[in-house]
Amino acid sequence: MMKISKRLWPWLILVLGLPALTAAPARAEKVRNHFDSDSVMRTPGFFDAVVLGVPGKAKWLILTDLNPPSAPNRLVQVEQSRPADSIAAALRRNYSFQDGSVSTFVKQGSGREGLILRMKDEKNFLVLFVDASGEVVLSSYVDGKAQELGRGKMPLQRPWERYAVTAAGPTLSVFFNDQKLFDAKDPHPVAGRTGLAATGPGEASFDEFIIEPAETPAQP
């Protein structure tokens, strides 16, 4: 086997452009999870399940549905007897989000369900919840203490409704089916994990979880 002098390695790297050393980090790309390639009655791929706040049981499963936004599967938090202040979260693996848009469809039910984003750790994150009446609340958790950032209400007229949060630095906007509900300010905008969340008792169903990063991060 031919040996290459150490003095030649820098020149070879420049000529060949070895990707491990010369390639710039790729910009975060759009992510879509429709759950239709996941196995029914199994936990979803690409997600980590955690419980935040008050301890409680949580169980995430892929189930079928008669008419979800993306047929035939949905993602469900099926544990119905949960404490009111216990947050079950399914976090998208290997993804950090700061600026852009996060959205999902939620199904009408008895539970409170929505989105979690910019999760720095288990005590610092943003969370959006909608209840069966259509009331939407966006909160910031700082050192484990919740602060309401904004709220709105929109009557639920269909089995599945789409909710989204767009983020640009401290500026946040909450949308219901592409209609803006309200604006809010994030007191501590940071990059962090994002995913789906359910709190309190009742079943929570989701479909079409989409992350769309901003082309360029907002300036602080």
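In this text the structure is predicted, and so the values were computed from the model without any measurement.

The rules behind the values
Residues numbered from 1 in each chain as written. Predicted model: local features only at pLDDT ≥ 70, side-chain atom pairs only at ≥ 80, totals over all residues. Heavy atoms only, no water. Helix = DSSP H or I, 4+ residues; strand = E, 2+ residues; numbered from the N terminus. Buried < 20%, exposed > 50% of the residue type's maximum accessible area, 1.4 Å probe, protein only. Contact = heavy atoms within 4.5 Å. Areas by Shrake-Rupley, 256 points an atom, 1.4 Å probe, with all protein chains shown as cover. Phe/Tyr/Trp six-rings, centres within 6.5 Å; stacked < 30°, edge-to-face > 60°. Salt bridge = Lys/Arg side-chain N within 4 Å of Asp/Glu carboxyl O. Polar contact = N/O pair within 3.5 Å; in protein donor to acceptor, adjacent residues only side chain to side chain. Lys, Arg positive; Asp, Glu negative; His and termini not counted. pLDDT = per-residue confidence, 0-100. Pairing = 2+ DSSP bridges.

K.L.:
Honestly, the overall build of the protein in this entry has me stumped. Any pointers?
P.N.:
Counting its regular elements, the protein contains two helices and 15 strands. Within the protein, the proportion of its 220 residues that are buried is 44%. If you take every contact in the protein between residues at least 6 apart in sequence, the share linking residues at least 24 apart comes to 64%. Total accessible area on the protein is roughly 12,100 Å²; 55% of this is exposed by carbon and sulfur atoms.

K.L.:
In this structure, what is going on with the packing of aromatic side chains? I would like to understand it.
P.N.:
Geometry of an aromatic ring pair is reported as the spacing of the ring centres plus the angle between the planes. Counted by the stated rule, this structure contains five aromatic pairs. With a centroid separation of 5.8 Å and an interplanar angle of 40 degrees, the aromatic rings of Phe35 and Phe47 are classed as tilted. Note that Phe35 is positioned in the loop between strand 1 (31-33) and strand 2 (47-53) and Phe47 in strand 2, a separation of 12 residues in sequence. Across the pair, exposure class does not vary: Phe35 and Phe47 are buried alike. Between Phe125 and Tyr141, the ring centres sit 4.6 Å apart and the planes meet at 15 degrees, which makes this aromatic pair stacked. With Phe125 in strand 8 (residues 124-130) and Tyr141 in strand 9 (residues 135-142), this residue pair connects regions lying 16 residues apart in the sequence.

K.L.:
Would you take a moment to explain the pattern of salt bridges for this structure?
P.N.:
When their charged atoms lie close together, side chains carrying opposite charge are able to pair. Applying the stated criterion across every chain, the model contains 14 salt bridges. A salt bridge links Arg193 to Asp48; the shortest N-O distance between them is 2.8 Å. Remark: Asp48 occurs in strand 2 and Arg193 occurs in strand 14 (residues 193-199); sequence separation between them is 145 residues. According to the relative accessible area criterion, Arg193 is partly exposed, its value standing at 27%. On the basis of relative accessibility, which here comes to 25%, the residue Asp48 falls in the partly exposed class. Of the charged contacts, one joins Lys180 and Asp183 as a salt bridge, the two residues approaching to 3.3 Å between their closest N and O atoms. Of the residues examined, Asp183 reaches a relative accessible area of 45% and is grouped as partly exposed. Several salt bridges share partner residues, and in doing so they unite Asp65, Arg74, Lys107 and Glu203 into one network.

K.L.:
What is the right way to look at the side chain of Arg118 in this model?
P.N.:
Considering the arrangement of structural elements, one finds Arg118 in strand 7 (residues 112-121). Reaching out from Arg118, the side chain makes a polar contact with the backbone oxygen of Gln98 at a distance of 2.8 Å. A polar atom in the side chain of Arg118 sits 2.7 Å from the side chain of Asp186.

K.L.:
What's the story with unusual backbone geometry in this structure? I'm lost.
P.N.:
A cis amide bond links Ala71 with the next residue in sequence, Pro72, at an omega value of 10 degrees. A positive phi angle, near 70 degrees, is found at Phe35, a position not held by glycine. For Phe46, which is not glycine, the phi dihedral falls at a positive 70 degrees. Residue position: Phe46 is located in the loop between strand 1 and strand 2. Given the relative accessible area of 52%, Phe46 is considered exposed.

K.L.:
Before we go on, may I ask you to explain the side chain of Arg82 in this structure?
P.N.:
Turning to its location among the elements, Arg82 is positioned in the loop between strand 4 (73-77) and strand 5 (86-92). Despite its burial, Arg82 pairs with no opposite charge, the nearest such side chain being Glu79 at 6.9 Å. Reaching out from Arg82, the side chain makes a polar contact with the side chain of Ser86 at a distance of 2.8 Å. Each residue touching Arg82, except ones within four places of it in the same chain, is listed here: Val51, Gly56, Lys57, Ala58, Gln77, Ile87, Ala88, Ala198, Thr199, Gly200 and Pro201.

K.L.:
I'm lost on the confidence of the model for the protein in this one. Help?
P.N.:
Any region with low pLDDT has predicted coordinates that should not be read closely. Across the protein, the average pLDDT comes to 88, with 85% of residues at 70 or higher. When the criterion is pLDDT under 50, residues 1-27 qualifies, and its contacts beyond four places in sequence or with other chains add up to 11 contacts.

K.L.:
Whenever I open this one, the pairing of strand 5 confuses me. Can you help?
P.N.:
The side chains of a regular strand alternate, first on one face of the sheet and then on the other. The buried fraction of strand 5 amounts to seven of the seven residues, a majority that puts the element mostly inside the structure. Here strand 5 shows two buried faces, one formed by Ser86, Ala88, Ala90 and Arg92 and the other by Ile87, Ala89 and Leu91. In this structure, strand 2 lies alongside strand 5, joined through seven bridges in antiparallel fashion. Each residue of the ladder has a partner; that of Val50, found in strand 5, is Ala89. Across five bridges, strand 5 lies against strand 14 in antiparallel orientation. The residue of strand 14 that forms the bridge with Ile87 is Thr199.

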